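So you can see what is in the structure, the chains are spelled out below.
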Amino acid sequence: FYNLEKIYSWSFYNCRDLKSIIFPENLKVIQDNAFGGRNSLKELKFPENIQFISDHAFIYCFSLEKIVIPKIFKKNIKNIFAYVDLTNVNITYI
């Protein structure tokens, strides 16, 4: 996965055993619904140089507790994590 630059739509949708993800530093794009659905994701750490995270990439990820994400996505965070109540999620902007 070290050469992974793009995660396509629906790649990990409804993967119930997924708990945390630390993306590789060379990841550039995450497409819509890539990790959405009913999963067990609790923690996400995005690389600083990621260029694009689609709306709904993490739709319905209700278990989230912690997100580390670049500041450039601050305005769009509600769309990236659609239908997720972010008020109880620890969000760190890098």
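Nothing here was measured: the structure is a model prediction, and the numbers come from that model.

## Describing the sheet that holds strand β3 (residues 29-30)
Here is step 1 of the chain: The strand order across the open sheet formed by three strands is β1-β3-β5, and the pairing between neighbours is parallel. With one partner strand each, in any of the chains shown, β1 (6-7) and β5 (52-53) form the two edges of the open sheet.
Here is step 2 of the chain: Across two bridges, β1 lies against β3 in parallel orientation. Along β3, the bridge assignment pairs lysine 6 with valine 29.

## As for the pattern of salt bridges
Here is step 1 of the chain: If you walk through the whole model with that rule in mind, you get one salt bridge.
Here is step 2 of the chain: Note that glutamate 65 and lysine 42 form a salt bridge whose closest N and O atoms lie 3.8 Å from each other. Of this pair, glutamate 65 sits in the loop between β5 and β6 (66-69) while lysine 42 is found in the loop between β3 and β4 (43-45), placing the two residues 23 residues apart along the sequence.
Here is step 3 of the chain: Owing to a relative accessible area of 45%, glutamate 65 belongs among the partly exposed residues under this scheme.
Here is step 4 of the chain: With a relative accessible area of 37%, lysine 42 lands in the partly exposed category.

## Structural notes on the nonpolar core
For soluble globular proteins, the rule of thumb is that nonpolar side chains tend to be buried together.
Here is step 1 of the chain: Phe23, Ile30, Phe46, Ile53, Phe58 and Phe81 are the most contacted members of the largest nonpolar core, which has 25 residues in total.
Here is step 2 of the chain: Every element with two or more residues in this core is listed here: β6 and α1 (77-80).
Here is step 3 of the chain: Discounting chain neighbours no more than four positions away, the residues touching isoleucine 53 are Ile30, Phe46, Phe58, Ile69, Phe73, Asn76 and Ile80.

## A word on the sheet that holds β6
Here is step 1 of the chain: Taken together, four strands build an open sheet; the order of strands is β2-β4-β6-β7 and the sheet is parallel. Either end of the sheet is taken by a strand with one partner, and the two such strands are β2 (20-22) and β7 (90-93). When the angles between neighbouring strand axes are averaged without regard to direction, this sheet yields 10 degrees.
Here is step 2 of the chain: With three bridges joining them, β2 and β4 adopt parallel strand pairing. The partner of serine 20 across the bridge, within β4, is glutamate 43.

## Concerning the packing of aromatic side chains
Here is step 1 of the chain: One pass over the structure, following the stated rule, counts nine aromatic pairs.
Here is step 2 of the chain: Consider the rings of phenylalanine 23 and phenylalanine 46, whose centres lie 5.1 Å apart with planes at 25 degrees: the pair is stacked. Separated by 23 residues along the polypeptide, phenylalanine 23 in the loop between β2 and β3 and phenylalanine 46 in the loop between β4 and β5 bring together distant segments of the chain. For the pair formed by phenylalanine 23 and phenylalanine 46, the shared burial category is buried.
Here is step 3 of the chain: A ring pair is formed by phenylalanine 58 and phenylalanine 81, whose centres lie 5.2 Å apart and whose planes are at 25 degrees; its orientation type is stacked. Taken as a pair, phenylalanine 58 in the loop between β5 and β6 and phenylalanine 81 in the loop between α1 and β7 lie far apart in primary sequence, 23 residues in all. An identical accessibility class is assigned to phenylalanine 58 and phenylalanine 81; each is buried.

Thresholds, definitions, all that
Residues numbered from 1 in each chain as written. Predicted model: local features only at pLDDT ≥ 70, side-chain atom pairs only at ≥ 80, totals over all residues. Heavy atoms only, no water. Pairing = 2+ DSSP bridges. Helix = DSSP H or I, 4+ residues; strand = E, 2+ residues; numbered from the N terminus. Salt bridge = Lys/Arg side-chain N within 4 Å of Asp/Glu carboxyl O. Buried < 20%, exposed > 50% of the residue type's maximum accessible area, 1.4 Å probe, protein only. Core = buried A, V, L, I, M, F, W, Y, C linked by side-chain atoms within 4.5 Å. Contact = heavy atoms within 4.5 Å. Axes fitted to C-alpha atoms, helices over the stretch in contact; angles between N-to-C directions. Phe/Tyr/Trp six-rings, centres within 6.5 Å; stacked < 30°, edge-to-face > 60°.

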